[in-house]
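# Structure assessment
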Amino acid sequence: MKKRYVFLLLVILFFSLFQAETTIQTTHLSLNIWVEKLIPSLFFPTFCIRILAEYRIFHIIFNWLHLPSIWNMDSKWYPELFIGWIIGFPNFAIRLEEAHQQNKITNTACVRLLSSISICAFPFLWMTIGVELYGNWHIGFLLWIILISSNLFLLFLTKDIPLVAPIETNPSVSWIIVIQKHLLSTALTLFYIGGYILIIQISISLLPLFSLKPFAFVISEFASGTFYLFHTLEAPLQLPFIGALIAFGGLCVHLQTFSSISSISISYRKYLIFRLIQALYVFLVLLLMQLFF
């Protein structure tokens, strides 16, 4: 670990001990977001999608559709993209890491997909943002469609990098083993998400960021940032900023993604640039829709 990170960790540890009340309050708030907002909308749908993906249900559907290959991308990737658009980050990065470790896809292909495909899980958009925040599932669905369009835009920008058909395999173990595998992987993913939320939120609450602290809280974690923007902004800027934040993902999601791809080599600078482009795209699309429709 680099010396500056060690120093930063020591500073945060010092503040956490001498600002115990702030640490405890932030922990309670972070756990509230994790337990009451993320787990209810993510656990069961993610588990079901993982099972369906294991048995290649989406691959069967897309093979039946016979969609053409576009932008230097084999049509075999459509079901994988769709799965990514449903389970969101960091689950899609985990799937890429597993495939890369099994030599099913190249590092170059992983870099293109990680740069282009970044989206919040569909159940969170539908249930938490659409139904809970706005009282209308149409809002969550609209956000999902616009985020998908931003991913397609980034895939178009990276069309010079080929995506050949991934190596396909079928599960050779019993269904109960498959259930146990994905029950554990879903629970671990949500545990990691909760852990990173705690680390980032506590660190920001303790560091002397002064007037930048509200901004730091918003960009640090998209779920809590979404609720903050919802309660502090009004139309026509409210939804565009929420969409841009979800497209950006937040620093917490960035940490989750990079901690999930130990075998994939991609620079954070490149990843960050693509997230900023995606955030700007989503913001402009939603703003124009708010102003003219």
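Anything mentioned here points back to the structure above.
The following paragraphs examine the structure supplied in this document. It should be emphasised that the depicted structure is a prediction, and the values quoted were computed from it without experimental measurement.

Residue phenylalanine 89 is joined to proline 90 through a cis peptide bond whose omega torsion reads 0°. For proline 90, the position within the fold is in the loop between helix H4 (78–87) and helix H5 (91–101). A cis geometry characterises the amide bond from alanine 235 onward to proline 236, with omega recorded as 10°. Inspection of the secondary structure puts proline 236 in the loop between helix H11 (222–232) and helix H12 (238–248). Despite not being glycine, arginine 56 shows a phi value in the positive range, around 60°. Mapped onto the elements of the fold, arginine 56 is located in the loop between helix H2 (20–54) and helix H3 (57–65). Non-glycine residue asparagine 72 carries a positive phi angle of around 60°. Along the polypeptide, asparagine 72 turns up in the loop between H3 and H4. Given a relative accessible area of 43%, asparagine 72 falls into the partly exposed group.

Glancing now at the pattern of salt bridges. Per the counting criterion, the structure on display carries 3 salt bridges. Glutamate 132 serves as the salt-bridge partner of lysine 37, at 2.5 Å between the closest nitrogen and oxygen. Taken together, the residues lysine 37 in helix H2 and glutamate 132 in helix H7 (residues 122–133) connect sequence positions 95 residues apart. With a shortest N-O distance of 3.0 Å, glutamate 80 and arginine 95 are connected by a salt bridge.

On the surface, Leu52, Tyr55, Ile57, Ile60, Ile61, Trp64, Leu65, Leu67, Trp175, Ile176 and Ile177 cluster together into a nonpolar patch covering about 1100 Å² of accessible area. Counting residues per element, the ones that place at least two in the nonpolar patch are H3 and helix H9 (175–206). Take leucine 52: it is sitting in helix H2. For leucine 52, a relative accessible area of 34% gives the class partly exposed.

By the burial criterion, the buried members of H3 are Phe58, His59 and Phe62. End-on, the buried residues of H3 take up no more than an arc of 100°, which puts them together on one face. Residues of H3 that are exposed and angled more than 90 degrees away from the buried face: Ile60 and Trp64. Buried positions along H3 lie against H2 and H4. A positive phi of about 55° marks histidine 66, the residue just after H3.

Formed by 73 residues in total, the largest nonpolar core has its most connected members in Leu38, Leu113, Phe124, Leu125, Trp144, Phe222 and Ile246. Residue contacts for phenylalanine 222: discarding those within four places in its chain leaves Phe89, Cys120, Phe124, Leu245, Ile246, Gly249 and Val253.

Looking now at the side chain of histidine 254. Among the structural elements, histidine 254 can be located in helix H13 (residues 250–259). Residue histidine 254 is classed as buried on the basis of its relative accessible area of 2%.

With respect to the element layout, threonine 257 can be found in helix H13. In contact with threonine 257, not counting residues within four places along its chain, are Pro90, Ala93, Leu114 and Tyr271.

We now examine the environment of leucine 81. Along the chain, leucine 81 turns up in helix H4. When its relative accessible area of 1% is taken as the criterion, leucine 81 is described as buried. Separated by 70 residues in sequence, leucine 81 and asparagine 151 have C-alpha atoms that sit 9.6 Å apart. In contact with leucine 81, not counting residues within four places along its chain, are Met73, Leu113, Ile117 and Leu155.

A pair of packed helices is characterised by two quantities: the angle between their axes and the separation of those axes. One can describe the packing of H9 onto helix H10 (residues 213–220) by two numbers: an axis separation of 10 Å at closest approach and a directional angle of 175°. Our classification of the angle between H9 and H10 gives roughly antiparallel. Within the contact between the two elements, H9 uses Ile200, Gln201, Ile204 and Ser205 and H10 uses Lys213, Ala216, Phe217 and Ser220. When grouped by side-chain class, the residues that make up the contact of H9 with H10 number 4 nonpolar, 3 polar and 1 charged.

About the thresholds
Residues numbered from 1 in each chain as written. Predicted model: local features only at pLDDT ≥ 70, side-chain atom pairs only at ≥ 80, totals over all residues. Heavy atoms only, no water. Helix = DSSP H or I, 4+ residues; strand = E, 2+ residues; numbered from the N terminus. Buried < 20%, exposed > 50% of the residue type's maximum accessible area, 1.4 Å probe, protein only. Salt bridge = Lys/Arg side-chain N within 4 Å of Asp/Glu carboxyl O. Patch = residues over 30% accessible without salt bridge, like charges linked within 9 Å, V, L, I, M, F, W, Y side chains within 5 Å. Areas by Shrake-Rupley, 256 points an atom, 1.4 Å probe, with all protein chains shown as cover. Arc of directions from axis to C-beta. Contact = heavy atoms within 4.5 Å. Core = buried A, V, L, I, M, F, W, Y, C linked by side-chain atoms within 4.5 Å. Axes fitted to C-alpha atoms, helices over the stretch in contact; angles between N-to-C directions. Parallel < 35°, antiparallel > 145°, perpendicular 65-115°, else oblique. Nonpolar A, V, L, I, M, F, W, Y, C, P; charged D, E, K, R; others polar.

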